[in-house]
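Chain and residue survey
Here is what each chain is made of, one letter per residue.
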Amino acid sequence: MIAEIGHYALMLALVLAIIQGTMPLIGAQAGIDSWVSVARPAALGQLFFVTISFAALTYAFVVSDFTIANVVKNSHSAKPMLYKVSGVWGNHEGSLLLWILILAVFGGAVAAFGSNLPSYLRARVIGVQGLIGVGFLLFILLTSTPFERLPNPPADGQGLNPLLQDPGLAFHPPFLYLGYVGFSMAFSFAIAALLEGRVDPAWARWVRPWTLLAWCFLTIGIALGSWWAYYELGWGGWWFWDPVENASFMPWLLGTALLHSAIVVEKRDTLKAWTILLAILTFSLSLLGTFIVRSGVLTSVHAFATDPERGVFILAFLAVVVGGSLLLFAMRGPALKGGGLFSPISREGALVLNNLLLTTACATVLLGTLYPLFLDAVTGDKVSVGPPFFNATFVPLMVPLLVALAAGPMMAWKRGDLMAAISRLKFAFALAFIVALGTWYVKTGGPVLAIFSMALGTWLIAGAVLEWAGRLKLFAAPLADSWRRLRGLPRAAHGMTLAHIGVGIVIMGITGVEAWTVEAAKVMKPGETISVGEYDLTLMGAKTVKGPNYSALRGTFKVTTEGEPVTILEPETRSYLTSTMETTEAGIRPTLSSDLYVAIGDSDGNGGYATRFYVKPLVHWIWTGSVIMVLGGFVSLSDRRHRVGAPAKRSTRSKLKEATA
Amino acid sequence: MTRKRRRLYLVLFGLTLLGVATALMLNAFSSSLVFFHTPTEVKADSIEKDRRFRLGGLVEDESVKKHTNGLTTSFRITDHDYTVDVIFEGSLPDLFREGQGVVAEGKLDANGVFQASEVLAKHDENYMPPEVADALKKTGQWKGE
């Protein structure tokens, strides 16, 4: 019964989405106010029915209703509750339903909280959001309904893919989707602005918080995925330049560019057409990402079994969305008049540089990712494009971006002073130099590039701190004065500083693990010791332990350095009851300077266990830095100026101030 | 600076960047493209020496042997017409087993043994790499739909 309600609710949602995607758009175009006012109830109604549908599927998973095919394939009664719930989106149909739910939530949010938007703009945004919803609802209802019943229900389910039974991966898809789908807001606003033929700072003030929110979620999603790969796949890799990873990284790159160009639209009323284009492309890449992951057209280390038919549907949808919106852009874009002029050396100039470099870098990733498809179609040759390609193209494009990043925020709008910025950065330069020398000394040489990257990371962090200190006039003015400035500084400024510091930390983490990882591998018997760097690893023993739905071989290792105990690590290899597949749970001890990482393999039959021991310097900084970046994003979001509905409130407040002054 | 001039400079700068990116990409493509080959193609001896490539097929039944050091594994990859010996040192992905599709990356050594530096992991027991599926279809060994 519950499943039928879920299915029926989806159909009702489709009907409402069709209304939501047509009437408000036509109404706004033709000036029929009664049609325009349909937008809000339609969006809220669609959200209501999609929520019911999602709740129905979740309920089916929670109570293990094995009359439903999807639950049978992806769940098992012995599974812990967390993975019963995460099983809802741990499969194609359910993850699509999650996509639709998030889309409806964003559409509903505009309907519920957008009361201070001009009513026509709001109707158009909701309308475009509705059209995207129509596409995905059709997709799920026609090709992949999660509510299919089985005529002969089995007694128990087949279990969720063991690799997905992990806290990191349980929350990876929702965050990734919140990011992907979040960019649909920027897209809808862009299309609405093209239909209106008008982009102004108020528009940018609306787009920025949504983009920032989506960007924060996408960053969390990518970081979670990378962290999961690091500890779950057993060889300590954290990024593989794999098509599925690139699929999420490309929208991130363009989303980052969009975040910055929207600032220029808001503050300086220029770069409008470009920002609109970026918004369209960012969401298009999110759709492309969904297509790559769901169609399985590219060989990926993270590949899941997929259905090509479904890929064709997404591809067609992608063609309509990208083609249609670019056509609209070509027709209406030129009418968007640019605003103020600026010199190349200015804040605007720096943000343009940021945009050009991020976009170019994204283009190289896109080409590298799609090239195998392209070559296969043209010549029939099968190739793969791996890390060497991306290291040789993406990295050189990032270096100028990161070098300029420290100076950019110090530039004034319209006309900046590069020499002044450089002189303010003297200290950052000196610090970077010292770090480079220090690294060179501690690591006795090492790759030049790695030493340069460590200096670059330092340069970013010091540059961000200096810019922040400069705003406070720290040490240049009395402390009380700085304190007053600190309290007066908008939250967005703190957010930017944090995010840029985060980037610096990530760079250093990447450098550390890529340049200076050391490892040893050996079949170890209890009592044996292997050494890596200054650490000695001793196998104390291994035993079989039982989990809720698996049994595991758990090794107990003691790590010492110069005889002093450091930690005990307990890596596992798990065999699941419902699958022939095993998973590796690495034993990891993070420290500030490096991670100690142990993975245990199968027994060799003579009491020995294949063991791999890695010392990975700074690797944890990658995720620490990502968390700081996201924190910066959220601090920035908490800025009153970014709060949804802020523009109107602020203007009344400043009017009040004028009145009382 | 007029608006037109500014736009011109921006476009020029953008094009320069694209040029640089293209140069970087062409350079990287020539050295870092990794081709995919089937065992049949390997036997046909059409492969450049010392070039990394990906070898795909099925893991031949009863061919997987762990060496005494416990870390090196040797096995054979087959497309049912030909087989290639493979040596891999490292931990195999959790889903590696006989009779299943596999893709390995590495080089041929002087004896014609494929020295794999990487065996691609899969996250799903039903997953078949698309190249392997195509290769098997070519030799008529494909049993899937």
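All figures in this text were calculated on a predicted structure; none of them were measured in a lab. (Residues numbered from 1 in each chain as written. Chains lettered and ligands numbered in written order. Predicted model: local features only at pLDDT ≥ 70, side-chain atom pairs only at ≥ 80, totals over all residues.)

Regarding the overall build of chain B
- Assigned secondary structure in chain B consists of three helices and seven strands.
- Helices and strands appear in chain B in the N-to-C order α-β-α-β-β-β-β-β-β-α.
- Evaluated residue by residue, chain B yields a buried proportion of 35% over its 145 residues.
- Partitioning the intrachain contacts of chain B with sequence separation of at least 6 by distance along the chain shows that 53% fall at a separation of at least 24. (Helix = DSSP H or I, 4+ residues; strand = E, 2+ residues; numbered from the N terminus. Buried ≥ 20, exposed ≤ 12 C-beta atoms within 10 Å, placed from the backbone. Contact = placed C-beta atoms within 7 Å.)

Brief notes about the overall build of chain A
- Looking only at helices and strands, chain A has 22 helices and 11 strands in total.
- Relative to the 2.2 N^0.38 estimate, which gives 26 Å for 661 residues, the radius of gyration of chain A is 27 Å and therefore close to what a compact globule would have.
- Split into buried and exposed, the 661 residues of chain A put 54% on the buried side.
- Look at the contacts in chain A between residues 6 or more apart in sequence, and 74% of them connect residues 24 or more apart. (Rg over C-alpha atoms; globule rule 2.2 N^0.38 Å.)

Digging into the nonpolar core
- One finds Ile100(A), Ala186(A), Phe189(A), Ala190(A), Leu253(A) and Ala279(A) to be the most contacted residues of the largest nonpolar core, which totals 210 residues.
- The leading source of residues in this core is helix 10 (residues 201-232) of chain A, at 20 residues.
- Among all residues touching Ala186(A), those that are not within four sequence positions of it are Val207(A), Trp210(A), Thr211(A), Leu258(A), Ala279(A), Thr282(A) and Phe283(A).
- By size, the runner-up hydrophobic cluster in this structure holds 24 residues, among which are Phe75(B), Leu92(B), Val103(B) and Val132(B). (Core = buried A, V, L, I, M, F, W, Y, C linked by C-beta atoms within 7 Å.)

Here we look at the sheet that holds strand 9 (residues 587-590) of chain A
Residues and elements named next belong to chain A.
- Here four strands make up an open sheet; going across it, the order is 2-11-10-9 and the pairing antiparallel. The strands lining the two open edges of the sheet, one partner per strand, are strand 2 (518-524) and strand 9. On average, each strand axis in the sheet is tilted by 10° relative to the strand beside it, whichever way the strands run.
- Taken together, the eight bridges between strand 10 (residues 594-603) and strand 11 (residues 609-617) define a ladder with antiparallel strand orientation. Opposite Ser 594, over in strand 11, you have Pro 617 as the bridge partner. (Pairing = 2+ DSSP bridges. Axes fitted to C-alpha atoms, helices over the stretch in contact; angles between N-to-C directions.)

Focus: the domain arrangement of chain B
- Looking at the assigned domains, one finds that chain B contains domain 1 (1-32) and domain 2 (35-138).
- If you average the C-alpha positions of domain 1 of chain B and of domain 2 of chain B, the two centres end up 41 Å apart. (Domains from an automatic or database assignment.)

A short note on helix 3 (residues 130-138) of chain B
- Listed as buried for helix 3 of chain B are Pro130(B), Glu131(B), Val132(B), Ala135(B) and Leu136(B).
- The secondary structure elements touched by the buried residues of helix 3 of chain B are strand 1 (33-37), strand 2 (53-59) and strand 6 (101-108) of chain B.

What about the confidence of the model for chain B?
All names here are of chain B.
- A residue-level look at chain B finds 88% of positions with pLDDT of 70 or above and a mean pLDDT of 80.
- Of all secondary-structure elements in chain B, the lowest mean pLDDT belongs to helix 3, at 72, while strand 5 (residues 83-89) reaches the highest, 90.
- As scored by the predictor, the complex reaches a pTM of 0.91 and an ipTM of 0.81. (pLDDT = per-residue confidence, 0-100.)

Notes on the confidence of the model for chain A
All names here are of chain A.
- For chain A, the mean per-residue pLDDT works out to 88, and 94% of the residues sit at or above 70.
- Averaged over each element, pLDDT in chain A is lowest for helix 22 (residues 646-660) (43) and highest for helix 3 (residues 39-62) (96).
- Note that residues 645-661 has pLDDT below 50 and, in this model, eight contacts with residues that lie over four places away or in other chains.

Regarding the packing of helix 1 (residues 2-30) of chain A against helix 3 of chain A
All names here are of chain A.
- Helix 3 packs onto helix 1 with a crossing angle of 160° between their chain directions and a minimal axis gap of 8 Å. Judged by the angle between their axes, helix 1 and helix 3 are roughly antiparallel. Crossing hand, helix 1 versus helix 3: left-handed.
- Looking at the contact of helix 1 with helix 3 residue by residue, the class counts come to 21 nonpolar, five polar and no charged. (Parallel < 35°, antiparallel > 145°, perpendicular 65-115°, else oblique. Left-handed = near helix turned anticlockwise from the far one by under 90°. Nonpolar A, V, L, I, M, F, W, Y, C, P; charged D, E, K, R; others polar.)

Section: the domain arrangement of chain A
Residue and element names in this part refer to chain A.
- Domain boundaries in chain A define domain 1 (1-160), domain 2 (165-414) and domain 3 (518-620).
- Relative placement of domain 1 and domain 3: their C-alpha centres are 43 Å apart.
- A per-class count over the side of domain 1 that touches domain 3 returns two nonpolar, three polar and one charged.

Re the pairing of strand 7 (residues 572-576) of chain A
All names here are of chain A.
- Taking burial as the measure, the five residues of strand 7 include four buried ones, the bulk of the element.
- As judged from the five bridges shared by strand 5 (residues 550-561) and strand 7, these two strands associate in the antiparallel manner. Bridging from a neighbouring strand, Leu 553 pairs with Thr 573 of strand 7.
- Across four bridges, strand 7 lies against strand 8 (residues 582-585) in antiparallel orientation. Opposite Glu 572, over in strand 8, you have Glu 585 as the bridge partner.

Things to note about the pairing of strand 4 (residues 535-546) of chain A
All names here are of chain A.
- Pairing geometry for strand 3 (residues 529-532) and strand 4, over four bridges, is antiparallel. By the bridge assignment, Ser 531 is partnered in strand 4 with Asp 536.
- Between strand 3 and the antiparallel strand that follows it, strand 4, lie two residues; Gly 533 among them carries a positive phi value of about 60°.
- Here strand 4 folds back onto strand 5, and the loop between the two strands holds three residues.

As for the packing of helix 3 of chain A against helix 6 (residues 92-113) of chain A
All names here are of chain A.
- Two elements in contact, helix 3 and helix 6, have axes whose closest approach is 8 Å; the angle formed by their N-to-C orientations is 150°. As far as their axial angle goes, helix 6 and helix 3 are roughly antiparallel. Handedness of the crossing formed by helix 3 with helix 6: left-handed. Between helix 3, through Ala 39, Arg 40, Ala 43, Leu 44, Gln 46, Leu 47, Val 50, Thr 51, Ser 53, Phe 54 and Leu 57, and helix 6, the contact on the second element is made entirely by Gly 94, Leu 97, Ile 100, Leu 101, Ala 104, Val 105, Gly 107, Gly 108, Ala 111 and Ala 112.
- When the residues that make up the contact of helix 3 with helix 6 are grouped by side-chain class, the tally is 14 nonpolar, six polar and one charged.

Here we look at the environment of Gly221(A)
Residue and element names in this part refer to chain A.
- Looking at the secondary structure, you find Gly 221 in helix 10.
- Along the backbone, Gly 221 and Tyr 180 are 41 residues apart, and their C-alpha atoms lie at a distance of 9.8 Å.
- Discounting residues that sit within four places of it in the chain, Gly 221 has contacts with His 172, Phe 175, Leu 176, Gly 179 and Ser 248.

Topic: the environment of Ala123(A)
All names here are of chain A.
- As for its placement among the helices and strands, Ala 123 is situated in helix 7 (residues 119-143).
- With 110 residues separating them in the primary sequence, Ala 123 and Leu 233 have C-alpha atoms 47 Å apart.
- What Ala 123 contacts, discounting residues up to four positions off in sequence, is Pro 24, Gly 27, Ala 28, Val 36 and Ala 39.

Examining unusual backbone geometry
All names here are of chain A.
- Positive phi, normally seen in glycine, also occurs at Leu 271, with a value near 60°.
- Its location among the elements puts Leu 271 in the loop between helix 11 (243-268) and helix 12 (272-295).
- Positive phi, close to 50°, is recorded for Glu 562, a residue that is not glycine.

Some thoughts on the environment of Pro490(A)
Residues and elements named next belong to chain A.
- Checked against the element boundaries, Pro 490 lands in the loop between helix 19 (479-488) and helix 20 (491-516).
- Judged by local crowding, Pro 490 falls into the partly exposed class, with 14 C-beta atoms found within 10 Å.
- Spatially, the C-alpha atom of Pro 490 lies 17 Å from that of Met 629, the residues being 139 residues apart in sequence.
- In this structure Pro 490 touches Asp 639 and Arg 641, once residues within four positions along its chain are discounted.

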